[in-house]
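# Summary of structural features
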Amino acid sequence: MTDSSERSSVEPVLWADIRYHLELGVRLIAAGRSDEAASETALALALLRNRLGSAAEAVQRDLPPAEAVAADGAAVAAIHARARALAMEIQAHYVSEGQHELASAYEDAASWLASTA
């Protein structure tokens, strides 16, 4: 368990990382690199889901479910596998820098991605 001072110092960096992955995903789409864009976006989603947890799912929203969009299951699994590999690379980077709380966030994201692939 992390103390609140460590958590509060990690949060801005993690939110900046999420923003980066989303922005990169948009730029990759604009560049016609949809496979890479999908992996960056899936990684951002995994980080968000793990950070927000069940609180986000508890909120009732009048939005159509994302699952309503027909998608090839094999393609989604491949995207999640690439995003998981990316998460593990970033996790290793943060471990090498001694930033274990950030590394843990990416490890959790990788675990979620593996469970959905």
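Counting from 1, residues in each chain are numbered in the order their sequence is written. Reporting in this predicted model follows two pLDDT cut-offs: at least 70 for local features of residues, and 80 or more for side-chain atom pairs to be given and counted; totals over whole chains, interfaces and linings ignore these cut-offs and use all residues. Excluded from the side-chain calculations are hydrogens and water; all other atoms, namely the structure's heavy atoms, are used.

## Concerning the overall build of the protein
We count a stretch as a helix when DSSP gives it H or I for four or more residues in a row; a strand needs E for two or more, and each element gets its number in order from the N terminus. Scanning the protein for helices and strands turns up 5 helices and 0 strands. In sequence order, the protein lays out its α and β elements as α-α-α-α-α. For every residue, the accessible area obtained with a 1.4 Å probe (protein chains only) is divided by the maximum for its type, and the residue is called buried under 20%, exposed over 50%, and partly exposed between those limits. Considering the protein as a whole, with its 117 residues, one finds that 28% of them fall into the buried category. In this description, contact between two residues means that some pair of their heavy atoms is separated by no more than 4.5 Å. Considering only residue pairs separated by 6 or more positions, the protein has 71% of its internal contacts joining residues 24 or more positions apart.

## Topic: the packing of helix 4 (residues 73-96) against helix 5 (residues 100-116)
Note on method: axes are straight lines fitted to C-alpha atoms, helices fitted across the in-contact stretch only, with angles between N-to-C directions ranging 0 to 180 degrees. Packing of helix 4 against helix 5 brings their axes to within 8 Å, and their N-to-C directions diverge by 165 degrees. Here helix 4 lies roughly antiparallel to helix 5, going by the angle between them. Our pair here, helix 4 against helix 5, has a crossing hand that is left-handed. Each of His80, Ala83, Arg84, Ala87, Met88, Ile90, Gln91, Tyr94 and Val95 in helix 4 lies in contact with helix 5, whose residues at this interface are His100, Leu102, Ala103, Tyr106, Glu107, Ala110, Trp112, Leu113, Ala114 and Thr116. For the contact of helix 4 with helix 5, a count of residues per class yields 13 nonpolar, 4 polar and 2 charged. Each angle is binned into one of four classes, with values under 35 degrees roughly parallel, values over 145 roughly antiparallel, values of 65 to 115 roughly perpendicular, and all other values oblique. In this scheme the crossing of two helices becomes right-handed for a clockwise turn of the near helix relative to the far one and left-handed for an anticlockwise turn of less than a right angle. Gly is put with the polar residues, along with every residue not named as nonpolar or charged; the nonpolar set is Ala, Val, Leu, Ile, Met, Phe, Trp, Tyr, Cys and Pro, and the charged set is Asp, Glu, Lys and Arg.

## A look at the packing of helix 2 (residues 34-52) against helix 4
Two elements in contact, helix 2 and helix 4, have axes whose closest approach is 8 Å; the angle formed by their N-to-C orientations is 65 degrees. Judged by the twist between their axes, the crossing of helix 2 over helix 4 is right-handed. In this structure, helix 2 uses Asp35, Ala38, Ser39, Glu40, Ala42 and Leu43 to contact helix 4, whose residues at the interface are Ile79, His80, Arg82, Ala83, Leu86, Ala87 and Ile90. Residues that form the contact of helix 2 with helix 4 fall into these classes: 8 nonpolar, 2 polar and 3 charged.

## A few points about helix 4
A turn of α-helix holds 3.6 residues, and therefore any two residues three or four places apart point the same way. Any helix carries an expected span of 1.5 Å times its number of residues minus one. Helix length check: helix 4 (24 residues) gives 35 Å between terminal C-alpha atoms against 34 Å at 1.5 Å per residue, within 8%. Taken residue by residue, helix 4 has His80, Ala83, Leu86, Ala87, Ile90, Gln91 and Tyr94 as its buried positions. Sitting at the head of helix 4, aspartate 72 places a side-chain oxygen 3.0 Å from the backbone nitrogen of alanine 74. Among the residues trailing helix 4, glycine 98 stands out with phi positive, at a value near 75 degrees. Polar contacts, as used here, are pairs of N or O atoms within 3.5 Å; protein pairs need one atom able to donate a hydrogen and one able to accept it. Residues neighboring in sequence count only if both atoms are side-chain atoms.

## A look at the nonpolar core
Side-chain atoms within 4.5 Å link the members of a nonpolar core, which is a set of buried Ala, Val, Leu, Ile, Met, Phe, Trp, Tyr and Cys residues. By size, the foremost hydrophobic cluster in this structure holds 21 residues, and its most contacted members are Leu14, Leu43, Leu47, Ile90, Tyr94, Tyr106 and Leu113. Contributing elements (two or more residues each) for this core: helix 1 (4-30), helix 2, helix 4 and helix 5. Here the element with the most residues in this core is helix 5; it accounts for 8 residues. Every residue in contact with isoleucine 90, bar those within four places of it in the chain, is listed here: His21, Leu43 and Tyr106.

## Focus: the confidence of the model for the protein
Per-residue confidence from the predictor is reported as pLDDT, which spans 0 to 100. Averaged over all residues, the pLDDT of the protein equals 87, while 86% of them reach at least 70. Within the protein, the lowest mean pLDDT, 66, falls on helix 3 (residues 54-58), and the highest, 95, falls on helix 4.

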